[in-house]
Amino acid sequence: MSNRLAILSIHFLVFICFQSSGVSASSLIDIYTTAKSQDTVFREAEANYFATAQASPIARAALLPQINFSAETSDNTLDTEGQTFGVAGSDVDYNSHGYSVRLTQALYNRDFYVQLKQANNNVARAQAQFDASKQDLVLRVTELYFNVLAARDELKFATAEKEAINRQLDQANNRFEVGLIPITDVKEAQSLYDSSVAQEIEAEIALELAIDALAVITGDRVTDLKTLSQRMELVRPDPDNVTDWVNSALNQNLTLLINEYDTKIARQQIQRNRAQHLPTLDIVAAYNDSDTGGLTGSRKTEDSRIGLELNFPIFQGGRTHYQTKESQYLYSAALQAQERIKRETTRDTRDAFHNVVAGISRVSAFDRAVESAEVAAEATEAGFEVGTRTSVDVLLSLRSVFQAQRDYSRSRYDYLIDTLRLKNAAGTLSADDLLQIDSWLE
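Residues numbered from 1 in each chain as written. Predicted model: local features only at pLDDT ≥ 70, side-chain atom pairs only at ≥ 80, totals over all residues. Heavy atoms only, no water.

### Re the sheet that holds strand S4 (residues 91-108)
Just so we agree on the cut-off: Two strands make a pair as long as DSSP finds a minimum of two bridges between them. The helix and strand labels rest on DSSP assignments: H or I over at least four residues marks a helix, E over at least two residues marks a strand, and numbering proceeds from the N terminus. Whenever a helix is involved, its axis is fitted only over the stretch in contact; in every case the axis is a line through C-alpha atoms, and angles between N-to-C directions fall within 0 to 180 degrees.
One open sheet accounts for four strands, arranged S1-S4-S5-S6; its pairing is antiparallel. Bordering the open sheet on either side are strand S1 (66-79) and strand S6 (299-311), each of which pairs with just one other strand. Adjacent strand axes in the sheet meet at a mean angle of 15 degrees, parallel and antiparallel pairs treated alike. For strand S5 (residues 280-292) and S6, the ladder comprises 13 bridges, and the chain directions are antiparallel.

This is the structure:
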């Protein structure tokens, strides 16, 4: 290897050691743990779940005894003229007061029973949504974490490339001064150097933006992250059959499960609306106690009763009929949405599976491309030393090396993210899937 490439390789290794030497660097699990308690999207989903979970006891309350107590008191002034039942009229001031207790227990109310089933499905749907938010958090944390690593790698390569081109520019100036190369080679080297400076600036901005994006879910800027080591393994999906993954997705995909609950809830809404045509039967018990006065003096009354109360809706202006028709159309729409999501789930699962398989080949191909680019750069450097290649050729070959390294670095992150996306599509993604990836960080 030429001296220039040796210097470049040393710079590259020193940069890696510098980036990964911090003993307090945060791992993927560290970031996930922080995000679980700080991410506002996840905490909002958690609060929404607990709120919806109250739907079942609220609906059940309608089936339990309803007891109401009321009391009243008032001061009255009565001014009468003439006679009432032989009593001469006069001005009378008196107080009336009393209380009542009423108990109602539903014996038959179809709406209440359907409403309870519907509420239970709403709670189950909320649980599926909360589980989906957990999977979404795992995926978002991983994507944002690797976006920071990719941006950091991009800055690392941009800086190394700029310094390599700068050294080549200095050498081109020296050779031009002694008449070994034309001024055009110097101008070309200067142009490439200026471009590399701009590229480094863009990489610095991209890194800051990636760190800011990660801070949205962690609540704080984390700049020291562990890097992905060469211990990372390229593992094919298990099972290694796309049909098995699609079947798993159709049974466990949470988006599909949520829509299935939507369909059940829509069907039960038809039953609830139809129940408005049906009679209701309640046990009613009441007790009233009152004290009042008047021209004939004060009197006290007590009234207690218990019995059955039947209500039979006969005509409500057609409201129940049209509400039922409305719910039937909404149920039909829910069925169509369910079929659409099934097809989309099948497509997404197949795409994720093929991306993982292709990702393995892509990482291997970019790994070989790095080796090939380095060999080509060495050959170009050797040709430059003997005068068969120009300094511009050397610069372009160096850029090819760095581009190959960028592609290789990004492909490794994409492969790991695609493996999680496949499990997410199949409905099996969990925080435990981060443990394997975390073991490959250093």
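Let's pick the thread back up.
### As for the pattern of salt bridges
A side chain with one charge may pair with a side chain of the opposite charge, provided their charged atoms come close. As a reminder, the rule being used: What counts as a salt bridge is simple: a side-chain nitrogen of Lys or Arg found within 4 Å of a carboxyl oxygen of Asp or Glu. Summary of the burial criterion: residues with accessible area below 20% of their type's maximum are buried, those above 50% are exposed, and those between are partly exposed, where the area comes from a 1.4 Å probe applied to protein chains only.
Within this structure, the stated rule accounts for 26 salt bridges. With its nearest N and O atoms 2.5 Å apart, the salt bridge here joins Arg-140 to Asp-39. You can see Arg-140 sitting in helix H5 (residues 110-177) and its partner Asp-39 sitting in the loop between helix H2 (28-38) and helix H3 (40-52), a full 101 residues away along the chain. The partner of Arg-347 in a salt bridge is Asp-348, and the shortest N-O contact between them spans 2.9 Å. Among the residues examined, Asp-348 registers a relative accessible area of 34% and is labelled partly exposed.

### A look at the environment of Glu-188
Here Glu-188 shows up in helix H6 (residues 183-218). Judged by its relative accessible area of 40%, Glu-188 falls in the partly exposed class. A C-alpha to C-alpha distance of 71 Å links Glu-188 and Asn-120, two positions 68 residues apart in sequence.

### Quick word on unusual backbone geometry
Cis rather than trans, the peptide bond between Asp-238 and Pro-239 has omega equal to 10 degrees. Relative to the elements of secondary structure, Pro-239 occurs in the loop between H6 and helix H7 (242-252).

### A look at a nonpolar patch on the surface
Stated precisely, the cut-off is as follows: Here the term patch refers to residues with relative accessible area over 30% and no salt bridge, with like charges joined within 9 Å and nonpolar side chains (Val, Leu, Ile, Met, Phe, Trp, Tyr) within 5 Å. Using a 1.4 Å probe, accessible areas were evaluated by the Shrake-Rupley method; residue-level cover was limited to the displayed protein chains.
On the surface, Ile-67, Phe-69, Tyr-99 and Val-101 cluster together into a nonpolar patch covering about 390 Å² of accessible area. Secondary structure elements with two or more residues in the nonpolar patch: S1 and S4. Of note, Val-101 is situated in strand S4. Taking relative accessible area as the criterion, Val-101 reaches 31% and is therefore assigned partly exposed.

### Some remarks on a negative patch on the surface
What counts, and what does not: Positive: Lys, Arg. Negative: Asp, Glu. His and the chain ends are not part of the count. Where a charge lies is defined by one atom per residue type, namely NZ (Lys), CZ (Arg), CG (Asp) and CD (Glu).
Where like charges cluster on the molecular surface, the negative patch consists of Asp-75, Asp-79, Glu-81, Asp-91 and Asp-93. Mapped by element, the contributors of at least two residues to the negative patch are S1 and S4. Tracing the sequence through the fold places Asp-93 in strand S4. Relative accessible area serves as the criterion here: at 62%, Asp-93 is assigned to the exposed category.

### Some points on the packing of H5 against helix H10 (residues 391-426)
Convention followed: For classification purposes, angles smaller than 35 degrees are called roughly parallel, those larger than 145 roughly antiparallel, those between 65 and 115 roughly perpendicular, and all remaining angles oblique. Each residue receives one of three labels: charged for Asp, Glu, Lys and Arg, nonpolar for Ala, Val, Leu, Ile, Met, Phe, Trp, Tyr, Cys and Pro, and polar for the others, Gly being one of them.
Viewed as axis vectors pointing N to C, H5 and H10 meet at an angle of 175 degrees, and their least axial separation amounts to 10 Å. Considered as vectors, H5 and H10 are oriented roughly antiparallel to each other. When its residues are assigned to classes, the contact of H5 with H10 shows 17 nonpolar, eight polar and eight charged.

### Side note on the nonpolar core
Operational definition: We call a set of buried Ala, Val, Leu, Ile, Met, Phe, Trp, Tyr and Cys residues a nonpolar core when their side-chain atoms join them within 4.5 Å. Whether two residues are in contact is decided by their heavy atoms: any pair within 4.5 Å suffices.
Counting 59 residues, the largest nonpolar core has Val-141, Tyr-145, Phe-146, Leu-225 and Leu-416 as the members making the most contacts within it. Those elements giving two or more residues to this core turn out to be H2, H3, H5, H6, H7, helix H9 (319-386), H10 and helix H11 (433-439). Residue contributions to this core peak at 15 residues, all from H5. Apart from the residues lying within four places of it in its own chain, the contact partners of Phe-146 are Arg-410, Tyr-413, Leu-416, Ile-417 and Ile-437.

### A closer look at the packing of H5 against helix H8 (residues 254-274)
Formally: Left-handed describes a crossing whose near helix is turned anticlockwise from the far helix by less than a right angle; the clockwise case is right-handed.
At a minimum axis distance of 9 Å, the contact between H5 and H8 shows a crossing angle of 165 degrees. By the angle class used here, H5 and H8 are roughly antiparallel. Here the hand of the crossing between H5 and H8 comes out left-handed. Classifying every residue of the contact of H5 with H8 by side-chain character gives nine nonpolar, nine polar and eight charged.

### Let's talk about the pairing of S4
Relative to S4, S1 runs antiparallel, the two being bridged by 14 bridges. Looking at the pairing, Ile-67 lines up with Leu-103 of S4. Direction of pairing for S4 relative to S5: antiparallel, over a ladder of eleven bridges. Paired with Arg-102 across the bridge in S5 is Ala-286.

### Overview of the confidence of the model for the protein
Operational definition: What pLDDT conveys is the predictor's confidence in a given residue, as a value from 0 to 100.
For the protein, the mean per-residue pLDDT works out to 89, and 92% of the residues sit at or above 70. Within the model, the stretch residues 1-23 combines pLDDT values under 50 with 31 contacts to residues more than four positions away or in other chains.

### Describing the environment of Ser-439
The residue Ser-439 is located in helix H11 in this model. Ser-439 gets classed as partly exposed once you look at its relative accessible area, which sits at 37%.

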